[in-house]
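# Structural description and commentary
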Amino acid sequence: MSNNAPSSLATAVPNVSNYLSCVQVVMVNTTLPANIGSAARAMHTMGLSRLTVVDPKLPIDDTSVSHAAGGSDLLSSAIIAPTLESAIADCQLVFAASSRSRHLPRPVVTPTQAAKIMLDFIDKQSTIDGHDSNTAPNIAILFGREDRGLTNEELAYADYHVQIDANPAYPVLNVASAVQVIASFIYAYAQTHIQADSEVNDIAQVTDNLETTEQGMLNTYMRQQWDEPAITQQQLQLLTERTTALMVQRKLADSENLKSLPSRLSRLGSRIQLDQKEYQLLSALLAKLLKD
């Protein structure tokens with residue numbers, strides 16, 4: 001595992017830094033190296049230390065370092081990933097910063113709601129079946145290109161889309177500013193979470209804010225109890241691919257005209273929130289059906 005991986009949690013998460021170490025910022029296809037540095041500075045200011053850059057148009061350089069200021073160490077430890085899939089393959093929970101809704105949207109949350117979901121997820125995953133877990137959960141926040149953000153395909157990898165309240169006439173932030181804003185909410189909530197541990201709201205308070213009875217909207221739930229670790233993004237994509245292959249094999253789908261089928265299956269899997277045992281059961285079932 002790289003030095004950008006979250007540290008193990010042998011005991012219940014004791015401080016803010018342990019929470020923040022589970023979160024990585026993923027910048028996709030950046031144009032200017034200076035923006036990578038500015039994002040590193042924003043991260044360092046808010047206690048985040050794990051940076052991944054996916055297929056940057058230009059490499060990290062002196063302008064990155066000059067804009068990073070005190071966060072230059074993040075640049076030296078940053079992971080440069082060839083694809084978004086490889087960058088988030090071992091992540092169990094993925095958020096994507098997006099200023100507007102896209103095709104097949106995921107649940108949209110505010111930075112405050114995102115922070116609550118993240119920390120509750122870390123708490124639940126750090127204690128599996130009543131016992132402390134030795135492996136910290138891995139959470140990613142995706143940030144898109146300076147000029148056009150994330151594509152629909154990239155947004156489809158996220159379990160939640162994070163939207164920052166802004167001037168509706170121009171709700172677009174510079175990528176480093178977006179990192180700063182979202183990171184500040186995570187840091188602030190982590191502090192509150194630590195200081196008032198006995199009074200931390202149950203995740204149902206978050207889902208109450210997300211649920212709606214409007215026609216065409218789906219209620220969003222966060223799994224309350226875990227007895228096995230959650231599956232990773234890579235495993236979710238494998239299930240999506242195998243289910244798609246089975247539907248094509250059984251003539252339930254046309255391989256030349258899948259349309260949004262893979263995205264819908266991925267969103268379904270994300271909403272179900274499978275654990276490792278459930279993944280093994282479904283994998284075995286799909287393997288048997290594909291073989292028959």
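Residues numbered from 1 in each chain as written. Predicted model: local features only at pLDDT ≥ 70, side-chain atom pairs only at ≥ 80, totals over all residues. Heavy atoms only, no water.

## Quick look at the overall build of the protein chain
Looking only at helices and strands, the protein chain has twelve helices and nine strands in total. The proportion of buried residues among the 292 residues of the protein chain is 47%. Residue pairs in contact within the protein chain that sit at least 24 positions apart in sequence constitute 82% of those at least 6 positions apart. Carbon and sulfur atoms make up 52% of the accessible area of the protein chain, which totals about 14,400 Å². (Helix = DSSP H or I, 4+ residues; strand = E, 2+ residues; numbered from the N terminus. Buried < 20%, exposed > 50% of the residue type's maximum accessible area, 1.4 Å probe, protein only. Contact = heavy atoms within 4.5 Å. Areas by Shrake-Rupley, 256 points an atom, 1.4 Å probe, with all protein chains shown as cover.)

## Observations regarding the side chain of S266
Here S266 shows up in helix 11 (residues 261–272). Taking relative accessible area as the criterion, S266 reaches 5% and is therefore assigned buried. Setting aside its immediate chain neighbours within four residues, S266 contacts R106, A156, L236, Q237 and T240.

## Brief notes about unusual backbone geometry
At N29, a residue that is not glycine, the phi angle is positive and equals roughly 55°. Positionally, N29 belongs in the loop between strand 1 (23–28) and helix 2 (33–45). Taking relative accessible area as the criterion, N29 reaches 14% and is therefore assigned buried. In this structure, A69 takes a positive phi of about 50° despite not being glycine.

## With respect to the sheet that holds strand 1
The strand order across the open sheet built from seven strands is 3-2-1-8-4-9-5, with neighbouring strands paired in parallel fashion. The open sheet has two edge strands, strand 3 (79–81) and strand 5 (108–109), and neither has a second partner. When strand 2 (residues 50–54) meets strand 3, the two strands line up parallel, connected through three bridges. Bridged to V54 within strand 3 is A81. Of the strands in this sheet, strand 1, strand 4 (93–97), strand 5, strand 8 (139–143) and strand 9 (160–162) touch helix 6 (residues 111–126), which is tilted by about 165° from strand 4. The sheet strands contacting helix 8 (residues 175–195) are strand 1, strand 4, strand 8 and strand 9, and the helix crosses strand 8 at an angle near 150°. (Pairing = 2+ DSSP bridges. Axes fitted to C-alpha atoms, helices over the stretch in contact; angles between N-to-C directions.)

## Focus: the pattern of salt bridges
One pass over the structure, following the stated rule, counts three salt bridges. Across the salt bridge formed by K124 and D120, the nearest N and O atoms sit 3.1 Å from each other. Taken as a pair, K124 and D120 lie in helix 6 at a separation of four residues, close to a single helical turn. Per residue, the accessibility class of K124 equals that of D120, and both read buried. (Salt bridge = Lys/Arg side-chain N within 4 Å of Asp/Glu carboxyl O.)

## What about the packing of helix 10 (residues 233–249) against helix 11?
Helix 11 packs onto helix 10 with a crossing angle of 130° between their chain directions and a minimal axis gap of 9 Å. Taken together, the axes of helix 10 and helix 11 lie oblique to each other. As for the relative orientation of helix 10 and helix 11, their crossing is right-handed in sense. Note on element contacts: helix 11 touches helix 10 through L261, P262, L265, S266, G269 and S270, opposite L236, Q237, T240, T243, T244 and M247. Its residues assigned to classes, the contact of helix 10 with helix 11 shows five nonpolar, seven polar and no charged. (Parallel < 35°, antiparallel > 145°, perpendicular 65-115°, else oblique. Left-handed = near helix turned anticlockwise from the far one by under 90°. Nonpolar A, V, L, I, M, F, W, Y, C, P; charged D, E, K, R; others polar.)

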